[in-house]
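Structural overview
Now for the letters of each chain:
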Amino acid sequence: MSAARRRQDGFVLLYALAVAAALSAVTVFVLEQAEAARQRLSLAGTAAQAERYLDGAEALARSLLAADARAGGPDHGGEPWARAEYDVPVDRGSVALRLSDLQGRFNLNALAGAEPEPARAALERLAPSIGLSPGAVAALADFLAEGGPERPAPWLRADVPMRPPGGPIAVLEQLRDLPGLRAAELAALMDHAAALPGGTPLNVNAASAELLAAMLPGLPVAAAESLVRARRTEPFASVEEFRTRLVAAAGAARAADLDLSGLSVGSRWFLLEAT
């Protein structure tokens, strides 16, 4: 065989090997793409399934609250909706849900009203017991004030400059980048505050002793704690009953001057936590 023929055969062999390698690479790429598409399809199905399970949790919560509404009476921690902590097995895990009474929390949107001073004073009294600094209280009041912050400089110096419009918020997550509010303080607000329509009353069957004392200036914390202990076995049936038992706990002189107009014994706003 001539040298030229050997070189030609070698070239053909190298060409064939190159083509085979290219085809192999294409095959691997196609298989990888097919596997990625299969995984995307599987994840999409899982997400859709999880969404349906969470929809089911919401439907269950609605049915619990609807049954409670039909039964009537005050809302308190001893009712079925409050005691229920469902953990329902499903085919790929479980769905857990828990309901909380939001009207037993401090309503931050009270700071956005036309007369926010009483709400701010109440938050200042509550702040030490839930881990809020005076600076955080000032920042919240400034952010929620009608017309927006009086001191917008921190917002204008942000990476994305803005000027908050002020007024009520829809969810507490809107406070996540609030200058002057630390992450730990936001976490405390998530446990003790809510963003409800202005004028929403505080449910005395759900509020903590610290919040009752903060909302009713002049009510000693010890008297509020006594009321909270008593309601565990005998919830308040009306605001008037709360007043009567308040007199027994705090004394007639102290109870006479307390403004109970922003209180109730029932709730319309609840938090559903489902996982």
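Right, let's walk through the structure included here. (Residues numbered from 1 in each chain as written. Predicted model: local features only at pLDDT ≥ 70, side-chain atom pairs only at ≥ 80, totals over all residues. Heavy atoms only, no water.)

Let's talk about the overall build of the protein
Cut-off, in case you're wondering: Helix numbering and strand numbering both begin at the N terminus, where a helix is a DSSP run of H or I of at least 4 residues and a strand a DSSP run of E of at least 2. Summary of the burial criterion: residues with accessible area below 20% of their type's maximum are buried, those above 50% are exposed, and those between are partly exposed, where the area comes from a 1.4 Å probe applied to protein chains only. Any two residues having at least one pair of non-hydrogen atoms within 4.5 Å are treated as being in contact. Per-residue and other accessible areas follow the Shrake-Rupley method at a 1.4 Å probe size, with only the shown protein chains counted as cover for residues.
For the protein, the count of helices and strands is 10 helices and 7 strands. Across the 275 residues that make up the protein, the buried fraction comes to 32%. Contacts spanning at least 24 positions in sequence make up 62% of the contacts within the protein whose residues lie at least 6 apart. When the accessible surface of the protein is split by element, carbon and sulfur atoms take 59% of a total near 16,200 Å².

Digging into the packing of helix H8 (residues 221–231) against helix H9 (residues 239–250)
Rule in force here: Helix axes are fitted to C-alpha atoms over the stretch in contact, other axes to C-alpha atoms as well, and angles between N-to-C directions run from 0 to 180 degrees. We call two directions roughly parallel when the angle between them is under 35 degrees, roughly antiparallel when it is over 145, roughly perpendicular when it lies between 65 and 115, and oblique otherwise. Crossings are classed by handedness, with left-handed meaning an anticlockwise turn of the near helix from the far one by less than a right angle and right-handed meaning a clockwise turn. Basically, the charged four are Asp, Glu, Lys and Arg, the nonpolar ten are Ala, Val, Leu, Ile, Met, Phe, Trp, Tyr, Cys and Pro, and anything else, Gly included, counts as polar.
Packing of H8 against H9 brings their axes to within 9 Å, and their N-to-C directions diverge by 130°. Accordingly, the angle class assigned to the pair H8 and H9 is oblique. Helix-helix and strand crossings are classified by hand; for H8 and H9 the assignment is right-handed. Here Ala-223, Ser-226, Leu-227, Ala-230 and Arg-231 of H8 come into contact with H9, specifically with Phe-242, Arg-245, Leu-246, Ala-249 and Ala-250. For the contact of H8 with H9, the class distribution of residues is 7 nonpolar, 1 polar and 2 charged.

Some details on the packing of aromatic side chains
Where we set the bar: Aromatic rings from Phe, Tyr and Trp, taking only the six-membered ring of Trp, are treated as a pair when their centres fall within 6.5 Å; an angle between ring planes under 30 degrees marks them as stacked, one over 60 as edge-to-face, and anything in between as tilted.
On inspection of all chains with the given rule, the structure shows 2 aromatic pairs. Residues Trp-81 and Phe-270 carry aromatic rings whose centres are separated by 4.9 Å and whose planes lie at 75° to one another, so their mutual orientation is edge-to-face. Of this pair, Trp-81 sits in helix H2 (residues 80–83) while Phe-270 sits in strand E7 (residues 270–274); the two residues are 189 residues apart in sequence, bridging distant segments of the chain. Grouping residues by exposure puts Trp-81 and Phe-270 together as buried.

A closer look at helix H4 (residues 134–144)
Buried residues dominate H4, accounting for 8 of its 11 residues. By the burial criterion, the buried members of H4 are Ala-136, Val-137, Ala-139, Leu-140, Ala-141, Asp-142, Phe-143 and Leu-144. Check the buried side of H4 and you find it contacts helix H3 (117–130), helix H5 (153–156) and helix H6 (183–192).

Some points on the sheet that holds strand E1 (residues 85–90)
Here is the rule we go by: A strand pair is defined by DSSP finding two or more bridges across the two strands.
Ordered in space as E1-E2-E7, the 3 strands form an open sheet in which the pairing is antiparallel. Edge positions in the sheet fall to E1 and E7, since each has one partner strand and no second. Here the strands of the sheet are splayed against their neighbours by 15° on average, with no regard to which way each runs. Alignment of strand E2 (residues 93–101) against E7, held across 5 bridges, turns out to be antiparallel. Paired with Leu-97 across the strands is Ala-274, a residue of E7.

Overview of the layout of surface pockets
Leftover empty space is mapped by rolling, across the atoms, a probe with the size of a water molecule. Put simply, the rule is: Points on a 1 Å grid over protein atoms alone make up a cavity when a 1.4 Å probe fits among them but cannot get out, and a pocket when they form an open set with protein on both sides within 12 Å along at least five of seven lines; lining residues each have an atom within 4 Å of a point. Grid points are joined across faces, edges and corners, and a volume is the space filled by probe spheres set on the points.
Empty space within the largest pocket amounts to approximately 590 Å³. Looking at the largest pocket, it is lined by 29 residues, and the ones nearest its centre are Ala-110, Pro-118, Ala-119, Met-215 and Gly-262. Among the elements of the structure, strand E3 (106–107), H3 and helix H7 (209–215) are those that each provide at least two residues to the lining of the largest pocket. Ranked by residues supplied to the lining of the largest pocket, first place goes to H3 with 4 residues. Taken together, the residues of the lining of the largest pocket break down into 16 nonpolar, 8 polar and 5 charged. In this model, the second largest pocket occupies a volume close to 500 Å³. Lining the second largest pocket are 24 residues, with Gly-77, Ser-100, Asp-101, Ala-206 and Arg-231 positioned closest to its centre. Residue assignment for the lining of the second largest pocket shows that the elements contributing at least two residues are H2, E2, H3 and H6. At 4 residues, the largest contribution of residues to the lining of the second largest pocket is made by E2. Across the lining of the second largest pocket, the residue classes break down as 8 nonpolar, 8 polar and 8 charged.

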